[in-house]
Amino acid sequence: MKKILFALATTAAVIGFSAGASAADKAKICFVYVGSKTDGGWTQAHDLGRQELEKALGDKIETQFLENVPEGPDAERAIERLARSGCGLIFTTSFGFMDATVKIAAKFPDVKFEHATGYKTAPNLATYNSRFYEGRYIQGQIAAKISQKGVAGYIASFPIPEVVMGINSFVTGARSINPDFKIKVVWANTWFDPGKEADAAKALIDQGVDVLTQHTDTTAPMQVAAERGIKAFGQASDMIKAGPETQLTAIVDTWGAYYIKRTQAFIDGKWETTSSWDGLKDGILTMAPYTNMPDDVKALAEATQKKIESGELKPFTGPLKKQDGSEWLAAGVSSDDGTLLGMNFYVEGVDDKLPQ
Amino acid sequence: MRIELEKRPDVSKLFSLLSPFIALGLTLVFGGIMFMLLGKDPLSALYSFFIEPLTETWSLHELAIKAAPLILIAVGLSVCYRSNNWNIGAEGQFIMGAIAGSILPVVFYEWQSPLVLPLMMLLGMMGGALFAAIPAFLKAHLNTNEILTSLMLVYVAQLFLDWLVRGPWRNPGGMNFPETRTFDATAILPEMIASGRAHWGFGFAILAAILIWFMMRYTLKGFEITVLGQSERAGRFAGFSSRKMIWFSMLLSGALAGLAGIAEVSGAIQQLRPVISPGYGFTAIIVAFLGRLNPLGIVVAGLVLALTYLGGEAVQVSLQISDKPIRVFQGLLLFFVLSCDTLIHYKIRMMWFDLTDTTADGVR
Amino acid sequence: MGIFEAILLTVITAATPLVLAAIGELVTERSGVLNLGVEGMMVMGAACAFIATQQTGSPYIGILAGIASGALFSLLFGFLTLTLVANQVATGLALTILGLGVSGMIGESYVGQSGIKLPQIVFPILSDIPFLGPLLFRQDLIFYLSIALVAGVHWFLFRSRAGLKLRSVGDSHSSAHALGINVIRTRYLAVMFGGACAGLAGAQLSLVYTPQWAENMSAGRGWIALALVVFASWRPWRIVAGGYLFGAVSISQLYAQAFGIGIPSQFLSALPYLATIVVLILISHNRRMTLINTPAALGKAFVPDR
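Computed from a predicted model, the values in this text were never measured in an experiment. (Residues numbered from 1 in each chain as written. Chains lettered and ligands numbered in written order. Predicted model: local features only at pLDDT ≥ 70, side-chain atom pairs only at ≥ 80, totals over all residues.)

Colleague: What exactly am I supposed to notice about the overall build of chain A here?
Modeller: The secondary structure content of chain A amounts to 11 helices and 15 strands. Each principal axis of the C-alpha distribution contributes one length, and for chain A these read about 75 × 45 × 40 Å. Here chain A holds 356 residues, and the buried ones make up 55% of them. Taking all contacts inside chain A whose residues are at least 6 apart in sequence as the whole, residues at least 24 apart take part in 64%. (Helix = DSSP H or I, 4+ residues; strand = E, 2+ residues; numbered from the N terminus. Buried ≥ 20, exposed ≤ 12 C-beta atoms within 10 Å, placed from the backbone. Contact = placed C-beta atoms within 7 Å.)

Colleague: I tried to follow the overall build of chain C on my own but got confused; where do I start?
Modeller: Across its full length, chain C carries 13 helices and two strands. Seen through its principal axes, chain C has C-alpha atoms that stretch 65 × 50 × 45 Å. Among the 306 residues that make up chain C, the fraction classed as buried is 57%.

Colleague: It is not clear to me how the sheet that holds strand β2 (residues 61-66) of chain A should be interpreted in this structure. Could you clarify?
Modeller: For sheets, the rule is that strands pair by backbone hydrogen bonds, running either parallel or antiparallel. Residue and element names in this part refer to chain A. Read across the open sheet, the six strands follow the order β2-β1-β3-β4-β5-β11; overall the sheet is parallel. Edge positions in the sheet fall to β2 and β11 (275-278), since each has one partner strand and no second. In this sheet, neighbouring strand axes are inclined to one another by 20° on average, regardless of whether the strands run parallel or antiparallel. Note: strand β1 (residues 27-32) against strand β3 (residues 89-92), four bridges, orientation parallel. In the sheet register, Phe31 faces β3, and the bridge partner there is Phe91. In this fold helix α3 (residues 73-84) packs onto β1, β2 and β3, with an angle of close to 170° to the strand it touches most, β1. (Pairing = 2+ DSSP bridges. Axes fitted to C-alpha atoms, helices over the stretch in contact; angles between N-to-C directions.)

Colleague: What is the right way to read the interface of chain C and chain B from this model?
Modeller: Accessible area lost on assembly of the parts is the figure often given for the size of an interface. Contacts between the two partners involve 38 residues from chain C, matched on the other side by 36 residues from chain B. Among the elements that take part in the side of chain C that touches chain B, helix α4 (residues 88-107) of chain C stands out by supplying 12 residues, more than any other. Residue classes in the side of chain C that touches chain B are distributed as 25 nonpolar, 11 polar and two charged. (Nonpolar A, V, L, I, M, F, W, Y, C, P; charged D, E, K, R; others polar.)

Colleague: Even after reading the chapter, I still don't get the sheet that holds strand β12 (residues 285-287) of chain A, so can you show me in this structure?
Modeller: All names here are of chain A. Taking strand neighbours across the sheet as the criterion, the seven strands line up as β12-β10-β9-β8-β6-β7-β15 in an open arrangement whose pairing is mixed. Both outer strands of the open sheet, β12 and β15 (350-351), are each paired with one neighbouring strand and no more. The pairing of strand β7 (residues 182-187) with β15 spans two bridges and is parallel. Residue pairing for β15: Ile183 is matched across the bridge by Val350.

Colleague: What is the right way to look at the pairing of strand β6 (residues 151-156) of chain A in this model?
Modeller: Two faces belong to every sheet, and in a regular strand the side chains alternate between them. All names here are of chain A. The element β6 is extensively covered by neighbouring structure, given that six of its six residues are classed as buried. Neither face of β6 is open: one carries Val151, Gly153 and Ile155, the other Ala152, Tyr154 and Ala156, and all of them are buried. Taken together, the six bridges between β6 and β7 define a ladder with parallel strand orientation. Residue pairing in the sheet places Gly153 in a bridge with Lys184 of β7.

Colleague: Help me understand helix α5 (residues 116-142) of chain B in this model?
Modeller: For an α-helix, the turn length of 3.6 residues means that residues three or four places apart are oriented alike. All names here are of chain B. Between its terminal C-alpha atoms α5 stretches 38 Å, which fits the 39 Å expected from 27 residues at 1.5 Å a residue. Of all bends in α5, the biggest is about 30°, found at Ala133, and the proline Pro135 comes one to four residues later. Positive backbone phi, at 65°, marks Asn143, one or two positions downstream of α5. (Expected span 1.5 Å × (residues − 1). Bend = angle between axes of the 7 residues up to and from the residue.)

Colleague: So what exactly am I meant to see when it comes to the confidence of the model for chain C here?
Modeller: In low-pLDDT segments, the atomic positions of the prediction should not be examined closely. The predicted model of chain C averages 92 in pLDDT, with 99% of residues at 70 or higher. Predicted complex, confidence summary: ipTM 0.90, pTM 0.91. (pLDDT = per-residue confidence, 0-100.)

Colleague: Where do I start with the interface of chain A and chain B in this structure?
Modeller: Facing the 37 residues of chain A at the interface are 32 residues of chain B. Grouping the constituent residues of the side of chain A that touches chain B by class yields 20 nonpolar, 10 polar and seven charged.

Colleague: Explain the environment of B:Gly331 to me, please; I cannot follow it from the model alone.
Modeller: Its place among the elements puts B:Gly331 in helix α13 (residues 324-340). Judged by C-beta crowding, with 23 C-beta atoms within 10 Å, B:Gly331 ranks as buried. As a C-alpha pair, B:Gly331 and B:Thr27 span 304 residues in sequence and 9.8 Å in three-dimensional space. Residues contacting B:Gly331, with those up to four places away along its chain left out, are C:Ala94, C:Ile97, C:Leu98 and C:Gly101.

Colleague: Would you mind showing me how to read the pairing of strand β10 (residues 247-253) of chain A here?
Modeller: Residues and elements named next belong to chain A. Of all seven residues that make up β10, six are buried, and the element is covered over most of its length. Where β10 lies against β12, three bridges are found, and the strand directions are antiparallel. Looking at the pairing, Asp253 lines up with Leu285 of β12.

Colleague: Help me understand unusual backbone geometry, please; the structure alone is not making it clear to me.
Modeller: Trans is the common state for peptide bonds, and a negative phi is the common state for residues other than glycine. Across the junction of A:Gly318 and A:Pro319, the peptide omega takes the value 0°, indicating a cis bond. One can find A:Pro319 in the loop between α10 (295-310) and β13 (320-321). Backbone geometry at B:Leu293 places phi at a positive 60°, although glycine is not the residue there. Looking at where B:Leu293 falls in the secondary structure, it is placed in the loop between α11 (280-290) and α12 (295-319). A residue is classified by how many C-beta atoms lie within 10 Å of it, and B:Leu293, with 20 of them, is buried. Its identity as a non-glycine residue notwithstanding, C:Val85 has a phi of 40°, on the positive side. In this structure, C:Val85 sits in the loop between α3 (59-83) and α4. By C-beta crowding, C:Val85 is classed as buried, having 20 other C-beta atoms within 10 Å.

Colleague: Got a minute to help me understand the nonpolar core in this structure?
Modeller: Note that soluble globular proteins tend to have their nonpolar side chains buried in a common cluster. Counting 330 residues, the largest nonpolar core has A:Val32, A:Val186, B:Ile71, B:Leu72 and B:Ile73 as its most contacted members. When residues no more than four places from it in sequence are discounted, the contact partners of A:Val32 are A:Leu66, A:Val69, A:Ala75, A:Ala78, A:Ile79, A:Leu82, A:Ile90, A:Thr92, A:Thr93 and A:Phe97. (Core = buried A, V, L, I, M, F, W, Y, C linked by C-beta atoms within 7 Å.)

Colleague: Looking at this structure, how should I read helix α9 (residues 256-267) of chain A?
Modeller: Residue and element names in this part refer to chain A. Compared with the 16 Å implied by 1.5 Å per residue over 12 residues, the 16 Å span of α9 between its first and last C-alpha is a close match. Among the residues of α9, those classed as buried are Gly256, Tyr258, Tyr259, Arg262 and Thr263. Relative to the axis of α9, the buried residues are bounded by an arc of 155° and lie together on one face. (Arc of directions from axis to C-beta.)

Colleague: Looking at this structure, how should I read the packing of α3(C) against helix α9 (residues 183-209) of chain C?
Modeller: Residue and element names in this part refer to chain C. At a minimum axis distance of 6 Å, the contact between α3 and α9 shows a crossing angle of 140°. Judged by the inter-axis angle, α3 sits oblique to α9. The handedness of the crossing between α3 and α9 is right-handed. Split by residue class, the contact of α3 with α9 holds 17 nonpolar, 10 polar and one charged. (Parallel < 35°, antiparallel > 145°, perpendicular 65-115°, else oblique. Left-handed = near helix turned anticlockwise from the far one by under 90°.)

Colleague: Whenever I open this one, the packing of α13(B) against α4(C) confuses me. Can you help?
Modeller: Geometrically, a packed helix pair is captured by the angle between its two axes and the distance between the axes. As a packed pair, α13(B) and α4(C) sit with axes 8 Å apart at the nearest point and diverge in direction by 155°. With respect to α4(C), the element α13(B) is oriented roughly antiparallel. Crossing geometry of α13(B) relative to α4(C) is assigned as left-handed. Here B:Lys324, B:Pro325, B:Arg327, B:Val328, B:Gln330, B:Gly331, B:Leu334, B:Phe335 and B:Leu338 of α13(B) lie close against α4(C), whose contacting residues are C:Ala90, C:Thr91, C:Ala94, C:Ile97, C:Leu98, C:Leu100, C:Gly101, C:Val102, C:Gly104 and C:Met105. Looking at the contact of α13(B) with α4(C), its residues break down into 12 nonpolar, five polar and two charged.

Colleague: Please clarify how the environment of B:Arg197 should be interpreted in this entry.
Modeller: Residues and elements named next belong to chain B. With respect to the helices and strands, the residue Arg197 is situated in the loop between α6 (146-166) and α7 (201-218). Judged by the 19 C-beta atoms lying within 10 Å of it, Arg197 is partly exposed. Separated by 71 residues in the primary sequence, Arg197 and Ala268 place their C-alpha atoms 8.3 Å from one another. Setting aside chain neighbours within four positions, we find Arg197 in contact with His61, Ile65 and Glu191.

Colleague: I would appreciate a short explanation of the environment of B:Arg8 in the present structure.
Modeller: Residue and element names in this part refer to chain B. Along the polypeptide, Arg8 turns up in the loop between β1 (3-7) and α1 (13-37). C-beta crowding within 10 Å serves as the criterion here: with 16 such atoms nearby, Arg8 is assigned to the partly exposed category. A sequence separation of 189 residues divides Arg8 from Arg197, and the C-alpha atoms of the two residues are 46 Å apart. Every residue in contact with Arg8, bar those within four places of it in the chain, is listed here: His345, Tyr346 and Lys347.

Following this line, the structure appears as structure tokens:
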């Protein structure tokens, strides 16, 4: 047995070395995923970005990824393995990878790192994020136009600033059309459990919401909405297949543009650390086609999207009140990014309490 | 084809040693075929899986980090299982230990002293033990089945941790993200040797394994555990109380799981987060049985299982495949190891092809 | 339709897979075998049922595929634990790891496809009964099967000769063997029945609950089913009670949230687990009753002497 093992080992080593040599002249761009690359949501969107990157710069780079990496010490090990395997630029695509990325970045100063949705940077560690809330503002406006009852249902995952920001943006958008608009929130306490998400959707619909939006990753809520004959918004990817007559639009994460931009900079030797927070205008998120709505609503949505893209409209602009009725932003004042990134309060119109 | 087993008069020493290697051989063959079917080079896949993680110092450290909680928890569980107490909630005890131990660095973060670390470890063990005391009490005094209670409490512990790090224990300087403050240097379990980041958690694991091994083998308590586990009636005749044994085994395994939890948090994560374990408490159940409920066997089993995780990542990187085939491969390995253990106690007769029998005769 | 009825409908959908997987595991455990691989068999059933449905266009063929895959997968467990007398606890856990891996691998290209929902079977007249009609007589085949299976298992275990034999195997395999019962064959059949039920539960997930395939979509329901068998103290009808209790508490917490009560959602989410523990404590104080129903040989390997 030992002999066989030894033979295996040596043969494999030889193969391994020869494979390594041929690829050495291409830059290696690596990705760490928290979920499965076919999860239909968050991770899949990043993997589509990776595929786009390969298509665009495939002659100069090769890509590599590790999927289903648990947050914590496992992430540290996974990132270190990639750094050691010759990756020049590593994207870590979950907030929970933040401290692991910081630690490994300090250990490998010659490797560049980019961490999604975090806030810690270093000379060789950049952060990137997407202004998903811009899309949610448009969704809120559509919901206010479509809803007969003036109540939308919101399936939320976990109370982190990202999600709270989305809820607030949705409500702000809706209230710009119908000042009495309300939303009901259900926390599923999961990003990914089709059954539970479907149950949450049913709970909301049974209590009278007639338009549904979600900040969880599966298409299950869309399917329930289709079954019950109400309209809904997709999340992370275009979910039109799950509800051809149901989806109004969806926020589609399109990371590809960013990955291509940064990788190009890396190849050219012009990579620098940044904290970028791109939005609709940069193409880091796009809206799925506006469907299943009257033409005037569609026109409104398109107009709002244009205004956001041109910078004419900022979703969080006063007068805005917090949930308890106290003033948050005075008329004409827009929120700074710092407040948004750490958002832990609701605006007026949310029928829920945040854990403090 | 029919397979029949014949019990060996004695445990086969040879097969005790040989069966893992036979299992490995079978896994290599079947795994190799699987990788071939996927269009990947089976040899380099197997090399990356089993050898590559062992060739570098940093990776050996990672192996120790990954194996430490598995071994610590499994050693405690082995005492439970030997005494017929089915604690399958070690995951929850791991989490509660981590929470209890973190009280000092999170709530009393200003107190910096060399006493902090030992106290944290102690609190961690207490937290785990107290959480295990719930199913122990319910079983010993209210006759409630511990499989259900310990399992259900896992979910309760997970949700409690989730609430803590999003609510009262959230880092005030952390942009409202769900994490506690990072532990102060005095609350971080130091590295064992300077060459890498493996912390003392691994030392605890080895120490616990040796102590429990000694207890099982040389003390009256060990005898008591074995007797009560084999037959409650016999135990009663010998004057042992099965009720006391419920308490002893559950508290012991809870304490070790709790220690694993706080050691993991203090040594490897250095803060509390919504999720601190990728299922160590459940994986440790497999480790306990792979190690044949023997503490020293558990050390080996824990290292092997940890290797399958490291190896799995190495294969993903070197072959560019997804992690699904890796998990299938891991399952195959476990299956072969478990089935080959049969050879230790039994001779296998296949009715149309009697090869094992002749070789086994030679061994005796 | 009133809100109460609506909640009950949601509860039924959520509880059915739990009841199905648990009733199968109950039979397995009654024969003295502890199979902790329910989660793995369930997720295999979900994947195979979905794939077969997408390939053939018929969810009924999907159901068959789910059942068959669960049963076949459990055969692997049977071979290891019954023929090779490997440890049952560890083998069951390994089965779960394998099931999650294999289902993820074969289902990879089916992620994101919208499935075909199993149609309802409406009983004429009965379905017009107010309140109960829509709840009980406007459901899909798998729901009816779940109730029929529980009734059937109850009859089988306590009213049929074969059931008596199965129970005696689970209580003492050596006495059963001495009486001339084929212990290994009985256990093989019980394990396969458990696998088939878990597979059917998986089919419910990917054909009724949420008609789609997502990796790891059983999301821990197999574990809950395992706990339910203990909860039921190995009595079939208590599985229904336990499954529906668990389903009801976990669903009503979602409704409570939507209603807007200001309790942290983590506490509400923990309620089903706590409720199950509390009820089990209340019903298990009678030590003798519990002992009578617990299969005495549970988890113990059997090798016939020759």
